[in-house]
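Coordinates in review
Below are the chains, spelled out letter by letter.
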Amino acid sequence: MLANYKILTVTHKSTNLKSIGDFVIKAADEAELKSRLEAIKSQFQLDELLYLPTCNRVMYLFTTSRPLDQRFISSFFKHINPNLSDTTFGHIDEIVDALEGAAALEHLLDVAASVDSLVIGERQILRQLREAFEQCWQWSLAGHFIRLAYQQAVAAAKAVYSNTRIGEKPVSIVSLAIQKLLKTKLSKSARILLIGAGQTNQLVGKFLLKHAFTNVVVFNRSLGKAKELAGMLDGESFTLDLLPSYTAGFDCLVVCTGATDSVITPELYTTLLQGDSSRKVVIDLSVPHNVAEAVVENNNIHYIEIEGLRNMAQVNLSFREREVKHARNILIQYLQEFPALLKQRQLELAMHRVPTEIKAVKDKAINEVFRKEVEMLDGQSRELMEKMLAYMEKKCIGIPMRVAREAVLAG
Ligand SMILES: NC(=O)c1ccc[n+]([C@@H]2O[C@H](COP(=O)([O-])OP(=O)(O)OC[C@H]3O[C@@H](n4cnc5c(N)ncnc54)[C@H](OP(=O)(O)O)[C@@H]3O)[C@@H](O)[C@H]2O)c1
């Protein structure tokens with residue numbers, strides 16, 4: 001069964017962060033995402049599926065007995081993004097990592113423990129992994145085998161965070177972006193528009209507060225979260241559909257949503273400028289990017305996006321590299337434990353039928369094999385017989401489970 005765990009992933013290690021967006025599922029909303037994931041599961045005959053898009057990777061973890069050959073990988077990503085170019089498919093093996101069995105599990109543990117992250121030791125990934133798992137579990141895409149791998153990854157990651165210094169001096173993509181923002185010498189009273197009010201922009205908001213920026217307006221698809229974030233920053237809040245009619249201008253735009261298409265189009269950007277031609281700061285931390293390329297190319301912008309933070313992340317990496325070695329030793333222990341957990345799960349599945357089958361034997365004994373003899377029993381004897389059989393039934397169900405568990409533990 002371990003061999004059936006497969007991962008197809010595109011990460012910051014194999015391509016630039018912007019291109020990762022080409023391998024993400026484009027969906028207007030959750031309902032569309034669900035139905036696209038269901039279609040992938042059925043078309044590629046996957047037993048279980050977990051989809052994890054983050055700012056520095058997109059990961060498809062699934063279980064199937066089908067091999068991950070070149071044909072499978074190409075048709076998988078053609079299905080996800082029919083617009084991928086022939087040139088991309090020409091060297092897809094350099095962009096996509098295809099991992100099977102123990103290697104797939106090892107990668108999952110590395111991701112959860114953040115030793116594979118762009119910013120090593122950032123803990124956001126655990127939250128993202130949890131949310132991805134819960135969503136796929138709720139949508140019946142992930143089942144018990146993925147649950148088992150996910151739980152082991154979370155346990156391993158927690159052990160790494162508590163027994164190494166990997167998370168010390170925490171930095172995140174957001175804190176790096178803010179460091180860059182501060183270097184632009186943006187005035188503390190500059191007009192800042194936050195587009196999106198998810199986890200990432202909430203973190204942006206905390207930094208803006210810490211650095212005493214005083215003029216922030218929040219736009220978000222749903223008003224509740226916009227209000228909450230604006231409340232923290234003592235600013236105004238609006239729904240995203242009101243952005244095209246916003247006429248108060250801006251100095252800095254921070255765009256970070258889960259939308260898979262451009263949120264800031266050239267037309268919208270021109271409207272927001274209100275004829276102002278001074279240099280603006282535009283921060284786009286979304287993957288895929290939410291600010292259209294043409295906006296960046298054709299305007300006077302100080303542009304801050306994830307790929308440009310890579311060098312800063314490298315400096316952070318050298319500080320934590322020693323801890324990665326230590327983390328890997330911990331992860332190995334969790335990897336080694338996994339086959340036994342898997343066997344136990346398979347056993348539980350196999351044992352699932354035991355109670356029903358034992359009950360059937362009991363019923364057959366009473367109603368068929370010994371029917372005549374049972375009919376001759378008086379009430380008291382029959383009651384005793386039934387009590388004894390019920391006792392035997394209960395014990396017989398427990399014994400094979402216990403023996404099998406002991407066999408698994410003994411290796
Ligand atoms: N988390 C990180 O560490 C991190 C770091 C850097 C970059 N990023 C990237 O930042 C982006 C957002 O991540 P997140 O962690 O902040 O996500 P999140 O907590 O799930 O929040 C998503 C936000 O995007 C909005 N949104 C979702 N779909 C939308 C759509 N189709 N149109 C308009 N708005 C939409 C949501 O609005 P509602 O409130 O209405 O749902 C919410 O404000 C992603 O591209 C992610 O890869 C994340």
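All values derive from a computational prediction rather than experimental measurement. (Residues numbered from 1 in each chain as written. Predicted model: local features only at pLDDT ≥ 70, side-chain atom pairs only at ≥ 80, totals over all residues.)

Observations concerning the overall build of the chain
Secondary structure assignment for the chain yields 17 helices and ten strands. Structurally, the chain occupies a C-alpha span of about 100 × 45 × 45 Å along its principal axes. Among the 411 residues that make up the chain, the fraction classed as buried is 34%. A separation of at least 24 residues holds for 75% of the contacts in the chain among residues at least 6 apart in sequence. (Helix = DSSP H or I, 4+ residues; strand = E, 2+ residues; numbered from the N terminus. Buried ≥ 20, exposed ≤ 12 C-beta atoms within 10 Å, placed from the backbone. Contact = placed C-beta atoms within 7 Å.)

Description of the pairing of strand β10 (residues 301-305)
With five bridges connecting them, strand β9 (residues 280-284) and β10 associate as parallel partners. Counted as the bridge partner of Val281 is His302 from β10. Where the polypeptide runs from β9 across helix α13 (residues 293-298) and back to β10, its parallel neighbour, the crossover connection is right-handed. (Pairing = 2+ DSSP bridges. Right-handed = clockwise from strand over helix to strand, strands pointing away.)

Examining the site of the ligand
In the region of the ligand, 22 residues are neighbours, and Cys55, Gly198, Thr200, Arg221 and Gly258 sit closest. Of the residues belonging to the shell around the ligand, the class tally is nine nonpolar, eleven polar and two charged. Mapped onto the domain boundaries, the shell around the ligand takes at least three residues apiece from domain 1 (2-168) and domain 2 (173-311). (Near = placed C-beta within 6 Å. Nonpolar A, V, L, I, M, F, W, Y, C, P; charged D, E, K, R; others polar. Domains from an automatic or database assignment.)

Topic: the packing of helix α10 (residues 199-210) against helix α11 (residues 223-233)
Running from amino to carboxyl end, α10 crosses α11 at an angle of 10°, the nearest separation of the two axes being 9 Å. If you check the angle between α10 and α11, you find them roughly parallel. On α11, the residues touching Asn201, Gln202, Gly205, Leu208 and Leu209 of α10 are Leu229, Met232 and Leu233. Split into classes, the residues belonging to the contact of α10 with α11 amount to five nonpolar, three polar and no charged. (Axes fitted to C-alpha atoms, helices over the stretch in contact; angles between N-to-C directions. Parallel < 35°, antiparallel > 145°, perpendicular 65-115°, else oblique.)

Considerations on the sheet that holds strand β1 (residues 5-11)
Spatially, the four strands line up as an open sheet ordered β2-β3-β1-β4, and their pairing is antiparallel. Each edge of the open sheet is held by one strand with a lone partner, namely β2 (48-53) and β4 (97-100). For this sheet the average axis-to-axis angle between neighbouring strands, irrespective of direction, equals 10°. Summarising the sheet, β1 and strand β3 (residues 57-63) pair through seven bridges and their orientation is antiparallel. When the bridges of β3 are listed, Thr9 appears paired with Met59.

Thoughts on the nonpolar core
Counting residues in each nonpolar core, the largest one holds 99 residues, and the members touching the most others are Leu108, Ala112, Ala156, Ala177, Leu194 and Val254. The residue makeup of this core includes at least three contributed by each of domain 1 (2-168) and domain 2 (173-311). Sequence-distant contacts of Leu194, that is, excluding residues within four places in its chain, are made with Asn201, Val204, Gly205, Val216, Val218, Leu229 and Val254. (Core = buried A, V, L, I, M, F, W, Y, C linked by C-beta atoms within 7 Å.)

Comments concerning the environment of Cys55
Locating Cys55 in the fold gives a position in the loop between β2 and β3. Ignoring anything within four residues of it in the chain, the contact list for Cys55 reads Leu17, Ile173, Leu285, Val287 and Ile306.

Remarks on the environment of Leu317
Of note, Leu317 is situated in helix α14 (residues 310-351). Assessed through the 16 C-beta atoms surrounding it within 10 Å, Leu317 is described here as partly exposed. Once the C-alpha coordinates of Leu317 and Ile120 are considered, the two residues, 197 residues apart in sequence, prove to be 6.1 Å apart.

With respect to the domain arrangement of the chain
Assigned domains within the chain: domain 1 (2-168) and domain 2 (173-311). Placing the centre of domain 1 and that of domain 2 at their C-alpha centroids yields a distance of 28 Å. Taken together, the contact between domain 1 and domain 2 spans eleven residues of the former and ten residues of the latter. Among the residues making up the side of domain 1 that touches domain 2, the classes are represented as seven nonpolar, two polar and two charged.

Here we look at helix α8 (residues 144-163)
Helix length check: α8, at 20 residues, gives a terminal C-alpha distance of 28 Å against a target of 28 Å (1.5 Å per residue), a fit within 8%. Taken residue by residue, α8 has Phe145, Ile146, Ala149, Tyr150, Gln152, Ala153, Ala156, Ala157 and Val160 as its buried positions. Buried residues of α8, viewed axially, fall in a sector of 165°; they line one side. In this structure, α8 carries His144, Gln151 and Ser162 as exposed residues pointing more than 90 degrees from its buried face. (Expected span 1.5 Å × (residues − 1). Arc of directions from axis to C-beta.)

Considerations on the sheet that holds strand β5 (residues 192-195)
The six strands lie next to each other as β7-β6-β5-β8-β9-β10, forming an open sheet whose pairing is parallel. Each edge of the sheet is formed by a strand with only one pairing partner; in this case those strands are β7 (236-239) and β10. Sheet twist, expressed as the average angle between the axes of neighbouring strands with direction ignored, equals 15°. Contacting β5, β6 (216-220) and β8 (252-255), α10 crosses the sheet at an angle of about 155° to β5.

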